[in-house]
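Tertiary structure, described
Spelled out from the first residue to the last, the chains are:
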Amino acid sequence: MSQKNSLRVAAEKKVGEFRRKEANKRGQAAKARAAVEKASTPGSRKSKLSSAQRYEKEANQAADSVGTWSARVAKLGAAVGDLESKLAKAEAAERAAADSARKREQKQAEHRAATAHRKIESRLSATEGQVSTVMKELRAPKPEKLRILLLGASSEGDLRVGREQQRIRAAVQASTHRDLVELDVHPAATAEVFLDALPRFRPHVVHFSGHSAKDLIAFEEDEDGFHESAIVRAGAFARAIAAVDDKPLLVLLNSCDSAAQTVKLVATVPFAIGMSDTIDDGDAVSYAARFYAAVAEGQSVQAAHRFSQAAMEMNGLNGHDLPTLTCAPNVDPAAAKLVTPPPE
């Protein structure tokens, strides 16, 4: 929404510029026509008349541009209004769902408490007797690849999410430990794609690239043509991640103004990365590619994050300070490695 507001302000500025140009050219045309009457020779009159006609043509062109940019202002204003309406509906739906959940929980609370009180003593006793046996029977967990879920959404075609996913894939493929990383790539992700992938793919990393704000994420609809985004509340997105048994280790929101969402996310996952302001497409692509390249080389979460920022700064990208790493309490990003090669 902030991006569309910025585009609307820029369009309004263009309207003002072309209106001033039109007024200026019409004034020049009027002066030139007045000079025609005062010209003393046919040649001079012809020259003044030609100037007047040129100024009038330029004024008409400026007037056409005023119309074009005014139409764009109107379209962007309507788009902002539509997003605000969708956001209001999403908030109302979330409040209704939360109220319904509270009522159900209240009805079930007494029953759960009574059942838990009766069973807790027997469960504790049984657990104490079984601990040694269970520990002997459990096998060591099998090593597994780092699973990265790449979600891209640009329903209006204004972001290069496909390019970003291509760069990430190339960075991982060029890394030393590429065989330890598995990518699940969705360049036109809907909310349903995200919900299906969480329990099926069981990602260690959820990566989203697209549009967002402090309290919403814009997915796509299941449509072939360009269309308006499907707005999802940040709280609902975080609760979906918290709901699955195999929770991700990291959520990376490579989208504008998403750093505010990381505070909620680290209540469930150890690490979350978001952008503290509006970030350019090229800056976002550069950060993501460098980050996953470093992760696939066995670098820690903190090292991969800082290295990617440093690489952006060395390449002259102004957005190097926008990616923000947030950690859950009692976890150390400098010690956490998402890819650990097996011992030689």
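**Comments concerning the overall build of the protein**
Along the protein, the regular secondary structure elements total eight helices and eight strands. Each of the 344 residues in the protein was classed as buried or not, and the buried ones make up 38%. Restricting the contact set of the protein to residue pairs at least 6 apart, pairs at least 24 apart contribute 69%. Roughly 19900 Å² of accessible area belongs to the protein as shown, and the carbon and sulfur atoms make up 52% of that amount.

**Section: the confidence of the model for the protein**
Residues with a pLDDT of 70 or more make up 84% of the protein, whose mean pLDDT is 83. Confidence over residues 124-142 falls short of pLDDT 50; this stretch has zero contacts with residues more than four positions distant or in other chains.

**Observations regarding the pairing of strand β2 (residues 181-186)**
The pairing of strand β1 (residues 146-152) with β2 spans six bridges and is classified as parallel. Considered in β2, the bridge of Leu-150 is made with Val-185. Remark: the β1/helix α3 (residues 161-173)/β2 crossover connection has right-handed handedness.

**Here's the deal with α3**
Helix length check: α3 (13 residues) gives 18 Å between terminal C-alpha atoms against 18 Å at 1.5 Å per residue, within 8%. If you check which residues of α3 are buried, you get Val-161, Glu-164, Gln-165, Ile-168, Ala-171 and Val-172. Mapping the buried residues of α3 onto a view down its axis gives an arc of 125 degrees, with all of them on the same face. Buried positions along α3 lie against β1, β2, β3 (205-213), β6 (250-255) and α7 (281-296).

**A closer look at the environment of Pro-329**
Within the secondary structure, Pro-329 sits in the segment after β8 (323-327). Overall, Pro-329 belongs to the exposed group, its relative accessible area being 67%.

**Description of the packing of aromatic side chains**
On inspection of all chains with the given rule, the structure shows six aromatic pairs. Arranged with centres 6.5 Å apart and planes meeting at 40 degrees, the rings of Phe-219 and Phe-237 form a pair that is tilted. Of this pair, Phe-219 sits in strand β4 (residues 216-219) while Phe-237 sits in helix α5 (residues 234-243); the two residues are 18 residues apart in sequence, bridging distant segments of the chain. Of the two residues examined, Phe-219 and Phe-237, each falls in the buried class. In textbook terms, an aromatic cluster arises when at least three aromatic residues are bridged by ring pairs, as seen for Phe-194, Phe-208, Phe-219 and Phe-237.

**A look at the side chain of Glu-164**
Assignment of secondary structure puts Glu-164 in helix α3. Within the structure, the side chain of Glu-164 is placed 2.6 Å from the side chain of His-207, a separation counted as a polar contact. Setting aside residues no more than four positions away along its own chain, Glu-164 makes contact with His-207, Ser-209, Asn-254, Val-285 and Ala-288.

**Description of the nonpolar core**
Counting residues in hydrophobic clusters, the biggest one holds 29 residues, and the most contacted among them are Phe-291 and Tyr-292. Those residues in contact with Tyr-292 that lie beyond four places of it in its chain are Ile-148, Ile-168, Val-172, Val-205, His-207 and Leu-252. Counting 25 residues, the second-largest nonpolar core is a separate cluster that includes Ala-189, Leu-198, Leu-265 and Val-269.

**Here we look at α7**
Taking 1.5 Å as the rise per residue, α7 with 16 residues should run 22 Å; its terminal C-alpha atoms sit 23 Å apart, in good agreement. In terms of burial, α7 is a largely internal element, twelve of the 16 residues being buried. Taken as a whole, α7 has its buried residues at Asp-283, Ala-284, Val-285, Ser-286, Tyr-287, Ala-288, Ala-289, Phe-291, Tyr-292, Ala-294, Val-295 and Ala-296. Positive phi shows up at Gly-298, right after α7, with a value of about 90 degrees.

**Overview of a negative patch on the surface**
Residues Glu-221, Asp-222, Glu-223 and Asp-224 make up a contiguous surface patch of negative charge. With respect to the helices, strands and loops of the structure, Glu-223 is situated in the loop between β4 and β5 (230-233).

**Looking at unusual backbone geometry**
The backbone of Asp-257 sits at a positive phi, close to 55 degrees, despite the residue not being glycine. With relative accessibility at 14%, the residue Asp-257 sits in the buried group. Look at Asn-330: it is not a glycine, yet its phi comes out positive at around 65 degrees. With respect to the element layout, Asn-330 can be found in the segment after β8. Among the residues examined, Asn-330 registers a relative accessible area of 85% and is labelled exposed.

**A word on the packing of α7 against helix α8 (residues 301-314)**
At their nearest, the axes of α7 and α8 sit 8 Å apart, and the two run at 140 degrees to each other. On the basis of their axis angle, the class for α7 and α8 is oblique. As α7 runs across α8, the sense of the crossing is right-handed. Touching Asp-283, Ser-286, Tyr-287, Arg-290, Phe-291, Ala-294 and Val-295 of α7 are Val-301, Ala-304, His-305, Phe-307, Ser-308, Gln-309, Ala-311 and Met-312, all from α8. Looking at the contact of α7 with α8 residue by residue, the class counts come to nine nonpolar, four polar and two charged.

**Some thoughts on the pattern of salt bridges**
As a working rule, side chains carrying opposite charge can pair if their charged atoms are close by. This structure, assessed with the given rule, holds nine salt bridges. Close ionic contact of Glu-94 with Arg-233 constitutes a salt bridge, the shortest N to O distance being 3.2 Å. Here Glu-94 is found in helix α2 (residues 42-137), whereas its partner Arg-233 is found in strand β5, with 139 residues between them in sequence. Classification of Arg-233 as buried rests on a relative accessible area of 16%. Note that Asp-99 and Arg-102 form a salt bridge whose closest N and O atoms lie 3.5 Å from each other. On the criterion of helical spacing, the pair formed by Asp-99 and Arg-102 is a turn pair, its members being three residues apart in helix α2. Asp-99 gets classed as partly exposed once you look at its relative accessible area, which sits at 31%. Here Arg-102 falls in the exposed class, since its relative accessible area comes to 53%. The network of salt bridges with common partners includes Glu-91, Glu-94, Asp-215, Arg-233 and Arg-239.

Scoring rules and cut-offs
All chains use their own residue numbering, which begins from 1 and follows the written sequence. The model is predicted, so local features are restricted to residues of pLDDT at least 70 and side-chain atom pairs to those at 80 or more, both for listing and for counting; the totals for chains, interfaces and linings are taken over all residues. To get the side-chain values, take all heavy atoms of the structure and skip hydrogens and water. Helix and strand assignments come from DSSP, with helices taken as H or I runs of at least 4 residues and strands as E runs of at least 2, each series counted from the N terminus. Any residue under 20% of the maximum accessible area for its type is buried, any over 50% is exposed, and the rest in between are partly exposed; the area is computed with a 1.4 Å probe on protein chains only. Here, two residues are considered to be in contact whenever any of their heavy atoms come within 4.5 Å of each other. Only the protein chains shown count as covering a residue, and every accessible area follows the Shrake-Rupley method with a 1.4 Å probe. A score between 0 and 100, pLDDT records how confident the predictor is in each residue. The pairing criterion is simple: DSSP has to find at least two bridges between the two strands. Seen with its strands pointing away from the viewer, a crossover is right-handed when the path leading from the first strand over the helix to the second is clockwise. Here, expected helix span is obtained from the residue count minus one, scaled by 1.5 Å. Relevant arc is that of directions from the helix axis to the C-beta atoms, nothing else. Side-chain rings of Phe, Tyr and Trp (the six-membered ring for Trp) are treated as a pair once their centres are within 6.5 Å; stacked means planes under 30 degrees apart, edge-to-face means over 60, and tilted covers the remaining angles. Any pair of nitrogen or oxygen atoms within 3.5 Å is treated as a polar contact; in protein, a donor-acceptor pairing is required on top of that, and neighbouring residues in sequence qualify only through side-chain atoms on both sides. Among buried residues, the Ala, Val, Leu, Ile, Met, Phe, Trp, Tyr and Cys ones that are joined through side-chain atoms within 4.5 Å form a nonpolar core. Patch membership needs two things, relative accessible area over 30% and no salt bridge, and members are linked within 9 Å if like-charged or within 5 Å if nonpolar (Val, Leu, Ile, Met, Phe, Trp, Tyr). Note on definitions: salt bridges are taken to be side-chain nitrogens of Lys or Arg within 4 Å of carboxyl oxygens of Asp or Glu. His is not counted here, nor are the chain ends, while Lys and Arg score as positive and Asp and Glu score as negative. We put the charge of a Lys on NZ, of an Arg on CZ, of an Asp on CG and of a Glu on CD. Angles shown run from 0 to 180 degrees and are taken between the N-to-C directions of axes, each axis being a line fitted to C-alpha atoms and, for helices, limited to the stretch in contact. The labels follow the angle: roughly parallel below 35 degrees, roughly antiparallel above 145, roughly perpendicular from 65 to 115, and oblique for the rest. For any helix crossing, the convention is left-handed if the near helix is rotated counterclockwise from the far helix by under a right angle, and right-handed if that rotation is clockwise. For this scheme, ten residues count as nonpolar: Ala, Val, Leu, Ile, Met, Phe, Trp, Tyr, Cys and Pro. Four count as charged, namely Asp, Glu, Lys and Arg, and the remainder, Gly too, count as polar.

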